[in-house]
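# Understanding the architecture of this molecule
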Amino acid sequence: MDFNALLQQAQKLTHETQVSDDLPRVERTLPQVLQATQELHSRVTQTGAQDMQAHILLGSNGIDLPKISQKLETLSSRKTFEPLDPIATTDVQNFLRNEKENAILAVIEEVHKNSYLSAETQKWDHMLNDWKQEKVKLMNALIGPSQNWIDIRKGPEQTILNETTFGGRSSLNSQEMAYAREVHEYNRLVCEGAMRPSLIQRFAQVAESFNDSRVSDVWEVMKYMTNVTPIPRTQDPMKVRCTQHLFINQAKRYLENRYKLFMQTVISDHLREARRGGVPSVLNLVGSFVSLKLANLGLNSSFMGLQDGQVDGKPLWPMVYYCLRCGDIASALKCMQIAGQGHEDLIALLEEKCHNPEQKTNPRLELQIRMQYKRQIRNATDPYKRAVYCIVGCCDIQEPHADIAKTTDDFLWIQLSLIRTDGDDSSEHLTCAGLQSMILEQYGEKHYNASEQPHLYFQLLALTGQYEAGVEFLSRFEKYRVHAVHIGLALNELHMVGGPRNLQEPLLSVDFEDPQPMRRLNLARLIMLYVKKFEITDPSEALHYFYFLRNLKDSEGRNLFLVSVADLAIECRDFDLLFGRMQRDGMRSRGLIDQFESVHIDARTVCEMVAEKFVKKGMFEDAIRMFDLAAQQEQALRYTSILLSQVVHHANKEGSLRERVQRMASEFTERYTGADKNCDPQTWTTFSLLKELTAFFDCYHGKNHQAAMDILERIKLVPLRMADLDVAVNNFKRLSGEVCKVIPDLLLATMDIAYTKYKAMKGKDVSKFDDYSKKNQLSYLREQAKALTNMAAMVPYRMPGDTNSRLIQTEILMH
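Residues numbered from 1 in each chain as written. Predicted model: local features only at pLDDT ≥ 70, side-chain atom pairs only at ≥ 80, totals over all residues. Heavy atoms only, no water.

This next bit is on the confidence of the model for the chain. In this model, the chain carries a mean pLDDT of 83, and residues with pLDDT of at least 70 account for 84%. Within the model, the stretch residues 143-167 combines pLDDT values under 50 with 62 contacts to residues more than four positions away or in other chains. (pLDDT = per-residue confidence, 0-100. Contact = heavy atoms within 4.5 Å.)

Structure, rendered in structure tokens:
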């Protein structure tokens, strides 16, 4: 190309540019373009790659970054957010203004700091609460062993008024209260030895009153699944379920009856189109449903690929399939017989199933059906025909039958129909364990969108015999937790739920001896987690739920019901309500625990357990009361003596510990006196001495010195004269530790009485006739003081504090 052509093209482009108004015209010479390029290059190399990218990004949006940078550089936050520089104190106005601004800045900074700390605290509190909730869910869902019970510190939720004997508010809502009433009635019948009703039926009737179709469906499933031969109490229900597969026929029967009801509902909604007539039967029902289904699809049989003609004007294989789907093998056989020849093996197998439903099918016939399926039926265009052969002959366990099985119920029914209990892992049969693993592990909760429809996923688990996993799953949801707990209770009473070897296991665990994917449910943990909500406000209901744990043992071999009641008593501290109280005649009034009294449940045993826990906590006052209720007089008197030894020397005040312990000691003295005492003589002697010392100190603090001295004369614990010193020292050696603790205070109190009498006698004016008597009295008091001081020095006991020095000083003052 020559330069003339290039010039012409340039002029043409220039002309086109001048015509366009979109872009402004730029007129630069080549040196100007070169200079601008060099300036841009130098600017880019100085600012760096990041600044260049920023220029390009902001420049593309019409922002001039250099001008913005200049404006930002002129701004300074130092004068706004930092304390002002000090100025001369002579400039009053500026000084005050400076102080005012500094004060404002200080307030702003303090508010900012407090806001930041408050937000940080709230954030961590929120995260901690979330983690606690997640921790509970994780611990309950773990399948490995845990070491301790889950500690859920959840306060009671006030909901409705409890209409039982309690006057306060209850933490039970209406549904929980309805279930609790049934539990109470059931336990009453059990305790009376009457015939036990079916808890499943009772709870299902309660659930119907909630007007919740989903909950009613859950209980309807359980009614079907528990209608089996009772499992002996001596056998492990998990092993029986895995070997006998009692649930398979019940699950199929539930799905079949449910589908039959669905058919009737569809036909009832379209009576004119269904044109149902003739004698009511399953065959007529299926015929009307098939006609309606094909009419709604708007398709004819040839378009759908249906084969082998019709039965009474309806396609053959849909009729056979839906008869089987309703559980009516006889009607399916009748359809096949009407169809004529060509299906002899299938007819023979259906006849065998119809006449001997409980017996094992002929393996030869099943083998022929499978061979025929592989050769001809597998590629058939009729989906119903393929499904019938698979269901009857267990031909292809991998075929999903998506054209027919539109719902989860259909899929599960087909899978249950394919199960052969006599099949092994190497056969083509679908095993029960394989179906359970498919539902629980292969597909799982995510596949079935279980979080949105928990009741449907529970039904899947229950219908496949996985009751433990179903109850645990349902208990995770607040709405269904109450139903899950009572399903677990009902199954436990029927001996149909497998429990763990160790009660410290999590809510759901795996036993290495169980076949996969079976789980074991920790019913004790389930009940305790549920009762935790209302055990304080509704202890009566809590006891009835704990009663279901009566056949379980804790790690120490104790009855778990008794252990739970003991923990409840310590938590709620309403001992009179739970255990009754001791009457003046020594008889205990009845408490809530007495309604469960039996050979293995004794109220005294529970009281003793509670008392021992109180002793470990150092709560001796409560322990004494519980030992008394447990008829453990030895322990009651022993710990009463321990408390008396600590407070006997104090002045009696209303409502004090001394007053309460003294009142209990008086009751024990009244009730335990006589031949009915069941305690060691030394324990009773110690208790009696402390009772006498209590009376002594009452007289001492009440300034009734003569009565106090009379008590000392009677008990002979301290010498009142030198002749009594050896006797008092010898008696001290035989005293228990509780009485020995009181001796220092007893010596000080006796010395104080002697000194008070000495001062009164010393300052008393008497006649010459009485002067001799006064001297004898003063001499007796000095001798008494000397005897007390000598005893403090002679007894093998380390006197606390300055006891000896105070005694000596008082003796010196009396000489």
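Still more ground to cover, so stick around.
The end-to-end C-alpha distance of helix 28 (residues 603-617) is 21 Å, a good match for the 21 Å that 15 residues give at a rise of 1.5 Å each. Of the positions making up helix 28, those classed as buried are Ala603, Val606, Cys607, Met609, Val610, Ala611 and Phe614. Elements in contact with the buried residues of helix 28: helix 26 (560-572), helix 27 (575-579) and helix 29 (620-629). Positive phi appears at glycine 618, one or two residues downstream of helix 28, with a value of about 80°. (Helix = DSSP H or I, 4+ residues; strand = E, 2+ residues; numbered from the N terminus. Expected span 1.5 Å × (residues − 1). Buried < 20%, exposed > 50% of the residue type's maximum accessible area, 1.4 Å probe, protein only.)

For the rest of this paragraph, the subject is the environment of aspartate 409. Along the chain, the position of aspartate 409 falls in helix 19 (residues 408-418). In this structure the C-alpha to C-alpha distance between aspartate 409 and tyrosine 259, which are 150 residues apart in sequence, comes to 8.6 Å. Contacts of aspartate 409, omitting those with residues within four sequence positions, involve Leu255, Arg258 and Arg325. Among the polar contacts listed, one links the side chain of aspartate 409 to the side chain of arginine 258, at a separation of 3.1 Å. (Polar contact = N/O pair within 3.5 Å; in protein donor to acceptor, adjacent residues only side chain to side chain.)

Another point: unusual backbone geometry. Of note, the amide linkage connecting glutamine 516 to proline 517 takes the cis form, showing an omega dihedral of 0°. With respect to the helices, strands and loops of the structure, proline 517 is situated in the loop between strand 5 (508-509) and strand 6 (520-521). Positioned with a positive phi, asparagine 211 is a non-glycine residue whose angle comes to about 55°. By secondary structure assignment, the location of asparagine 211 is in the loop between helix 8 (199-208) and helix 9 (213-225).

On to a nonpolar patch on the surface. Taken together, Val92, Phe95 and Leu96 make up a surface patch of nonpolar side chains, about 270 Å² in accessible area. Assignment of secondary structure puts leucine 96 in helix 6 (residues 92-141). Using a relative accessible area of 51% as the deciding quantity, one classes leucine 96 as exposed. (Patch = residues over 30% accessible without salt bridge, like charges linked within 9 Å, V, L, I, M, F, W, Y side chains within 5 Å. Areas by Shrake-Rupley, 256 points an atom, 1.4 Å probe, with all protein chains shown as cover. Salt bridge = Lys/Arg side-chain N within 4 Å of Asp/Glu carboxyl O.)

To continue, consider the packing of aromatic side chains. Applying the stated rule across the entire model yields 36 aromatic pairs. Between tyrosine 443 and tyrosine 448, the aromatic rings sit 6.0 Å apart at their centres with planes inclined by 75°, giving edge-to-face as the arrangement. Looking at tyrosine 443, the relative accessible area reads 28%, which means it is partly exposed. Taking the centre distance of 5.2 Å and the plane angle of 70° together, the rings of phenylalanine 473 and phenylalanine 477 count as edge-to-face. Relative accessible area serves as the criterion here: at 2%, phenylalanine 473 is assigned to the buried category. Accessibility expressed as a relative area gives 21% for phenylalanine 477, which makes it partly exposed. Cation over ring: arginine 550 sits above tyrosine 547, and NZ or CZ is 4.2 Å from the ring centre. (Phe/Tyr/Trp six-rings, centres within 6.5 Å; stacked < 30°, edge-to-face > 60°. Lys NZ or Arg CZ within 6 Å of the ring centre and 35° of its normal.)

It is at 11 Å that the axes of helix 14 (residues 316-325) and helix 19 come closest, and there the two elements cross at 85°. One element, helix 14, and the other, helix 19, form an angle in the roughly perpendicular class. Across from Tyr321, Leu324 and Arg325 in helix 14, the residues of helix 19 making contact are Asp409, Asp410, Trp413 and Ile414. Within the contact of helix 14 with helix 19, the residues separate by chemical class into 4 nonpolar, no polar and 3 charged. (Axes fitted to C-alpha atoms, helices over the stretch in contact; angles between N-to-C directions. Parallel < 35°, antiparallel > 145°, perpendicular 65-115°, else oblique. Nonpolar A, V, L, I, M, F, W, Y, C, P; charged D, E, K, R; others polar.)

What follows concerns the nonpolar core. By size, the foremost hydrophobic cluster in this structure holds 216 residues, and its most contacted members are Trp219, Tyr321, Tyr545, Phe579 and Met791. Top contributing element to this core by residue count: helix 35 (residues 737-762), with 12 residues. Excluding its chain neighbours within four sequence positions, the residues that come into contact with tryptophan 219 are Tyr179, Ile200, Phe203, Ala204, Ala207, His483, His486 and Ile487. (Core = buried A, V, L, I, M, F, W, Y, C linked by side-chain atoms within 4.5 Å.)

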